[in-house]
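Secondary and tertiary structure notes
Letter by letter, the chains look like this.
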Amino acid sequence: MFKGSMPALVTPFKNGAVDFDTLKRLVDWHVDQGSHGLVPVGTTGESPTLTHAEHEAVIEAVVEAAAGRIPVIAGAGSNNTDEAVRFTQFAHRVGADGALVVTPYYNRPTQAGLIAHFTAVHDCADIPIIIYNIPGRSAVDMSPETLGELAKLPRIVGVKDATADLARVCRQRITCGPDFLQISGEDATAHGFNAQGGVGCISVTANVAPKLCSELQEACLSGDYGTALTIQDRLMPLHQAIFTEPGLCGVKYAMSRLDLCSDEVRLPLVALTPDTMAKVDNGLRHAGLLN
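Remember, it's a predicted structure, so these values are computed and weren't measured experimentally.

Concerning the nonpolar core
By size, the foremost hydrophobic cluster in this structure holds 44 residues, and its most contacted members are Val62 and Phe118. For this core, the secondary-structure elements that each account for two or more residues are α1 (20–33), α2 (52–66), α3 (81–93), β5 (98–102), α4 (111–124), β6 (129–133), α6 (144–150) and β7 (156–161). The leading source of residues in this core is α2, at 7 residues. Every residue in contact with Val62, bar those within four places of it in the chain, is listed here: Leu9, Leu23, Val27, Leu38, Pro40 and Val72. If you look at the next biggest cluster of nonpolar residues, it comprises 31 residues, including Cys213, Ala219, Leu272 and Leu290.

Set out below in structure tokens:
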């Protein structure tokens with residue numbers, strides 16, 4: 001259903017507003033570069049600072065631009081269950097192929113609360129759901145056992161796992177079954193994640209290096225981990241540089257260096273420091289993307 005390299009798509013801005021023309025060009029570029037799917041309005045898409053109207057407009061624009069060529073998994077998470085339901089229903093209504101729903105952040109629900117939250121989202125619309133588990137940001141960790149309970153629901157089809165714990169993949173294969181989709185949410189460990197049973201990566205770096213990220217994922221899916229490791233060696237300095245400061249700032253700067261979009265972000269995020277810019281430039285050169 002969903003596998004391979006799926007960029008956590010940035011939301012380009014121009015003078016403070018969403019730049020829909022550039023957004024649509026990025027969708028076409030990703031299709032041409034071999035990305036296997038797109039994930040708009042996640043954290044990398046600056047969902048925390050988009051209005052509800054902007055959030056929904058970006059989803060609709062990406063679905064329309066993709067035109068069925070590759071799947072679109074719409075960011076639909078919130079720490080407010082009613083709001084997550086609204087976004088999930090909207091994603092279904094405009095034709096997204098799936099919804100990415102993060103564990104509720106800041107209010108720190110119990111495991112029982114997580115089950116109740118995701119059951120409500122599951123029941124609200126006929127659309128496949130990927131659970132996004134990122135305890136470093138949300139301050140709550142969905143246990144493999146809880147994930148296993150939710151995996152019994154027919155439309156909860158997978159997890160975006162950003163724990164960077166490679167043993168977690170094996171534990172979740174036990175609780176969720178081998179056919180449950182496990183997708184990495186952490187670029188630096190995506191190669192190893194796949195070796196443990198993963199089927200892809202929702203990637204920040206793929207915004208700027210989609211062809212390399214796609215080739216790495218295709219090599220993993222075919223069992224050619226030697227080729228995948230060679231590609232990972234090319235990408236690793238870029239992964240590290242992009243995440244020196246918040247990843248979306250790093251990747252937007254990298255994209256600006258390749259004339260893909262501006263590096264404009266919304267407060268409270270700001271432009272990179274000169275030292276980090278230099279690291280990103282070096283990472284782009286190491287990957288063969290910048291002279």
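Still to come is the rest of the account.
Considerations on unusual backbone geometry
Peptide bonds are, in most cases, trans, and in most cases residues other than glycine have a negative phi. Residue Pro268 follows Leu267 across a cis peptide bond; omega there is 15 degrees. Summarising the element assignment, Pro268 is placed in the loop between α11 (247–257) and α12 (274–286). Positive phi is not limited to glycine here, since Asp259 has a value of about 60 degrees. Take Asp259: it is sitting in the loop between α11 and α12. The class for Asp259 is exposed, based on a relative accessible area of 72%.

Let's talk about the layout of surface pockets
Of the pockets and cavities examined, the largest pocket occupies roughly 980 Å³. Lining the largest pocket are 45 residues, and of these Gly42, Thr43, Thr44, Pro48 and Arg137 lie nearest its centre. Within the residue set of the lining of the largest pocket, elements represented by two or more residues are α2, α3, β5, α5 (135–138), β9 (200–203), α10 (225–242) and α11. Of the residues in the lining of the largest pocket, the class split is 23 nonpolar, 15 polar and 7 charged.

Topic: empty space enclosed by the protein
Taken as a whole and assessed by the stated rule, the structure comprises 2 cavities of 30 Å³ or more. When its volume is computed, the largest cavity comes out at roughly 60 Å³. Secondary structure elements with two or more residues in the lining of the largest cavity: β9, α9 (210–221) and α10. The class makeup of the residues in the lining of the largest cavity is 5 nonpolar, 5 polar and 1 charged.

Digging into the packing of aromatic side chains
With the rule as written, the count across this model stands at 0 aromatic pairs. Looking at Lys160, its charged tip hangs above the ring of Tyr132, at a distance of 3.9 Å from the centre.

Re helix α7 (residues 166–176)
Restricting attention to buried positions, one finds in α7 the residues Arg168, Val169, Gln172 and Cys176. Angular distribution of buried residues about the axis of α7 spans 105 degrees; they occupy a single face of the element. In this structure, the buried residues of α7 make contact with β6, α6, β7, β8 (181–184) and α8 (190–195). The opening residue of α7, the one whose side-chain oxygen lies 3.1 Å from the backbone nitrogen of Ala167, is Asp165. Backbone geometry just after α7 places Gly177 at a positive phi near 95 degrees.

Details of the packing of α10 against α12
Helix packing geometry: the angle between the two helix axes and the distance between the axes. Taken N-terminus to C-terminus, the directions of α10 and α12 make an angle of 165 degrees; their axes are 8 Å apart at the nearest point. Classified by the interaxial angle, the pair formed by α10 and α12 is roughly antiparallel. The crossing of α10 and α12 is left-handed. Judged by residue contacts, Asp233, Arg234, Pro237, Leu238, Ala241 and Ile242 of α10 engage Thr276, Lys279, Val280, Gly283, Leu284 and His286 from α12. Partitioned by chemical class, the residues of the contact of α10 with α12 number 6 nonpolar, 3 polar and 3 charged.

About the cut-offs
- Residues numbered from 1 in each chain as written.
- Predicted model: local features only at pLDDT ≥ 70, side-chain atom pairs only at ≥ 80, totals over all residues.
- Heavy atoms only, no water.
- Core = buried A, V, L, I, M, F, W, Y, C linked by side-chain atoms within 4.5 Å.
- Buried < 20%, exposed > 50% of the residue type's maximum accessible area, 1.4 Å probe, protein only.
- Helix = DSSP H or I, 4+ residues; strand = E, 2+ residues; numbered from the N terminus.
- Contact = heavy atoms within 4.5 Å.
- 1 Å grid on protein atoms, 1.4 Å probe; cavity = no way out; pocket = protein on both sides within 12 Å on 5 of 7 lines; lining within 4 Å.
- Points joined across faces, edges and corners; volume = space filled by probe spheres on them.
- Nonpolar A, V, L, I, M, F, W, Y, C, P; charged D, E, K, R; others polar.
- Phe/Tyr/Trp six-rings, centres within 6.5 Å; stacked < 30°, edge-to-face > 60°.
- Lys NZ or Arg CZ within 6 Å of the ring centre and 35° of its normal.
- Arc of directions from axis to C-beta.
- Polar contact = N/O pair within 3.5 Å; in protein donor to acceptor, adjacent residues only side chain to side chain.
- Axes fitted to C-alpha atoms, helices over the stretch in contact; angles between N-to-C directions.
- Parallel < 35°, antiparallel > 145°, perpendicular 65-115°, else oblique.
- Left-handed = near helix turned anticlockwise from the far one by under 90°.

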